[in-house]
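# Remarks on the overall topology
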Amino acid sequence: MAAVTAAAVSLRAATTTSTSPSSAPQHSHCSFPCAARTTAVFRRGVLTVRAQAVSTDAAPVKEKKVSKKQEEGVVTNKFRPKEPYVGKCLLNTKITADDAPGETWHMVFSTDGEVPYKEGQSIGVVADGQDKNGKPHKLRLYSIASSALGDFGDAKTVSLCVKRLVYTNDAGEVVKGVCSNFLCDLKPGADVNITGPVGKEMLMPKDPNATIIMLATGTGIAPFRSFLWKMFFEKYEDYKFNGLAWLFLGVPTSSSLLYPEVGTSITSRSLHEIFLSKCYFIVSCDT
Ligand SMILES: Cc1cc2nc3c(=O)[nH]c(=O)nc-3n(C[C@H](O)[C@H](O)[C@H](O)COP(=O)(O)OP(=O)(O)OC[C@H]3O[C@@H](n4cnc5c(N)ncnc54)[C@H](O)[C@@H]3O)c2cc1C
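Cut-offs and rules
Residues numbered from 1 in each chain as written. Predicted model: local features only at pLDDT ≥ 70, side-chain atom pairs only at ≥ 80, totals over all residues. Heavy atoms only, no water. UniProt positions renumbered as here; feature names shortened; annotations may be inferred. pLDDT = per-residue confidence, 0-100. Contact = heavy atoms within 4.5 Å. Pairing = 2+ DSSP bridges. Helix = DSSP H or I, 4+ residues; strand = E, 2+ residues; numbered from the N terminus. Axes fitted to C-alpha atoms, helices over the stretch in contact; angles between N-to-C directions. Phe/Tyr/Trp six-rings, centres within 6.5 Å; stacked < 30°, edge-to-face > 60°. Buried < 20%, exposed > 50% of the residue type's maximum accessible area, 1.4 Å probe, protein only. Lys NZ or Arg CZ within 6 Å of the ring centre and 35° of its normal. Expected span 1.5 Å × (residues − 1). Disulfide = S-S within 2.5 Å. Salt bridge = Lys/Arg side-chain N within 4 Å of Asp/Glu carboxyl O. Polar contact = N/O pair within 3.5 Å; in protein donor to acceptor, adjacent residues only side chain to side chain. Core = buried A, V, L, I, M, F, W, Y, C linked by side-chain atoms within 4.5 Å.

The name given to the chain in an unreviewed UniProt entry is ferredoxin--NADP(+) reductase, with the source organism recorded as Triticum urartu. The chain has a UniProt comment under Sequence similarities (unreviewed entry) that states "Belongs to the ferredoxin--NADP reductase type 1 family." Under the UniProt heading Cofactor (unreviewed entry), the note attached to the chain is "FAD".

Right under this line is the structure:
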């Protein structure tokens, strides 16, 4: 299985990253079980986080769960496997180095604006061909890696970040994952069957002052690439990110680091701008 792990927590905007002895933040995106004392210090490239749970006698206040089912303007399941949207592959690039363990590809498909997605949603892809029973392949879900405006800024494309699945089974045979290999092998101009969009659980917080903590390994960075594009690289009349963004990304080796340009284009600004943009990148890898 491709390692896809991602989680995002958003807290009310904090003006500093230092000690905040407070009770559980009252924000719908964050659920801390009890009062907590948290210290986060970022110094010379090293982040130290200390968290200490503090038990309280008071019964925890149960946060009212806000259903996202009726979330305004979020479209789901416009296209289904029997009548998918047929997009075209516009671009497909390997984004891991040749010596990385495994391959990950970034690809852009045309949608002509017909697949209206939000940052944090996923699409389904139905690979060409048939399964071993002669039936069409089942769809596989992929997190959308582009902002709603798409990589070309015209809201007419959708991008994915896909890890090619190859493994050796118990019989010693090399097995290739159906859909990931279909996608990683797609050539520009080829058709791709798209379903969805789906998902309302990983949408960006609406609060432009939120602190957004993003945790991911490998291709789990996909939805956060879409968040970061919207937060830092695009201009909107009705949205300007003024909060704080943290991205914690785990990759097996430095040669597997995905989208380093997203981090460097934010962090290579002057120190002043780094603090203005308020985005810190913590990348973990073994070598
Ligand atoms: C919401 C969601 C978002 C996702 N987003 C992404 C994304 O952004 N990028 C991405 O690359 N993937 C993503 N995935 C995973 C993706 O949907 C597919 O599962 C993945 O690409 C593998 O599909 P496949 O068709 O290539 O493999 P399949 O042909 O479906 O084979 C997968 C099967 O192979 C077997 N298998 C896998 N590894 C091994 C092993 N080491 N040993 C033995 N058996 C094994 C397991 O039975 C597994 O179920 C996401 C999944 C979900 C649910």
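Close inspection of predicted coordinates is inappropriate in any region flagged by low pLDDT. A residue-level look at the chain finds 69% of positions with pLDDT of 70 or above and a mean pLDDT of 79. Low pLDDT, under 50, characterises residues 11–55; the predicted model gives this stretch 76 contacts beyond four residues in sequence or across chains. Contacts from residues 269–277, a stretch scored under 50 in pLDDT, to residues over four places away or in other chains number 12 contacts.

Turning our eyes to something else, we now look at the sheet that holds strand β6 (residues 104–110). Here 6 strands make up an open sheet; going across it, the order is β8-β7-β12-β5-β6-β9 and the pairing antiparallel. Where the open sheet ends on each side, the last strands, each with one partner, are β8 (140–143) and β9 (157–163). Strand-to-strand twist across the sheet, computed as the mean angle between neighbouring axes with direction ignored, equals 40°. By the bridge criterion, 7 bridges tie β6 to β9 in an arrangement that is antiparallel. The partner of His106 across the bridge, within β9, is Cys161.

Moving on, we come to the packing of aromatic side chains. With the rule as written, the count across this model stands at 6 aromatic pairs. Both rings, one in Phe232 and one in Phe241, keep their centres 5.7 Å apart while their planes meet at 75°; by these two values the pair is edge-to-face. Neither residue differs from the other here; Phe232 and Phe241 are each classed as buried. Centroid distance Tyr236 to Tyr239: 6.2 Å. Interplanar angle 85°. Geometry classified as edge-to-face. Taking the ring centre of Tyr259 as reference, the NZ or CZ of Arg225 above it sits at 4.8 Å. Positioned over the ring face of Tyr239 is Lys230, at 4.7 Å from the centre of the ring.

For the bond from Gly196 to Pro197, the omega torsion is -5°, close enough to zero to count as cis. With respect to the secondary-structure elements, Pro197 resides in strand β12 (residues 191–198). A positive phi angle, close to 50°, is found at Asn77, a residue other than glycine. Looking at where Asn77 falls in the secondary structure, it is placed in the loop between β4 (46–53) and β5 (85–94). Looking at Asn77, the relative accessible area reads 34%, which means it is partly exposed.

Take helix α2 (residues 222–233) next. The terminal C-alpha atoms of α2 lie 16 Å apart, and with 12 residues this matches the ideal 16 Å at 1.5 Å per residue to within 8%. α2 sits mainly inside the fold: 11 of its 12 residues count as buried. Every buried residue belonging to α2 is among Ala222, Pro223, Phe224, Arg225, Ser226, Phe227, Leu228, Trp229, Lys230, Met231 and Phe232, and all of these are buried.

Once that is clear, we can look at the state of the cysteines. All chains considered together, the criterion is met by 0 disulfides. In this model Cys161 remains outside any disulfide bridge; the closest cysteine sulfur is found in Cys184, 9.2 Å from its own. No disulfide involves Cys179; its nearest neighbouring cysteine sulfur is the one of Cys184, lying 9.3 Å away.

In the UniProt entry, the feature "binding site: NADP(+)" (unreviewed entry) is given for Ser143, Lys163, Thr219, Val251 and Pro252. Residue class for Ser143 comes out partly exposed when judged on its relative accessible area of 24%. What Ser143 contacts, discounting residues up to four positions off in sequence, is Gln121, Ser122, Ser159, Leu160, Ala222 and Pro223. As for its position among the elements, Pro252 is in the loop between β14 (244–250) and α3 (260–267).

This part takes up the pattern of salt bridges. All told, the structure shown has 6 salt bridges when counted by the stated rule. Across the pair Asp98 and Lys94 runs a salt bridge, and its minimum N-O distance is 2.7 Å. Residue classification places Asp98 among the exposed positions, given a relative accessible area of 75%.

Next up on the list: the side chain of Asn181. Structurally, Asn181 is set in helix α1 (residues 178–184). Here the side chain of Asn181 touches Gly177 through a polar contact of 2.7 Å, landing on its backbone oxygen. Residues contacting Asn181, with those up to four places away along its chain left out, are Arg164, Leu165, Val166 and Lys176.

A separate point is the nonpolar core. Counting residues in each nonpolar core, the largest one holds 24 residues, and the members touching the most others are Met214, Leu228, Met231, Phe241, Leu247 and Tyr259. Elements that contribute at least two residues to this core include exactly β13 (211–218), α2 and β14. Tyr259 has contacts with Ile95, His106, Ala145, Leu160, Cys161, Ile221 and Arg225, leaving out every residue within four places of it along the chain. Within the second largest apolar cluster, 23 residues are counted, among which are Ile123, Val125, Val158 and Leu186.

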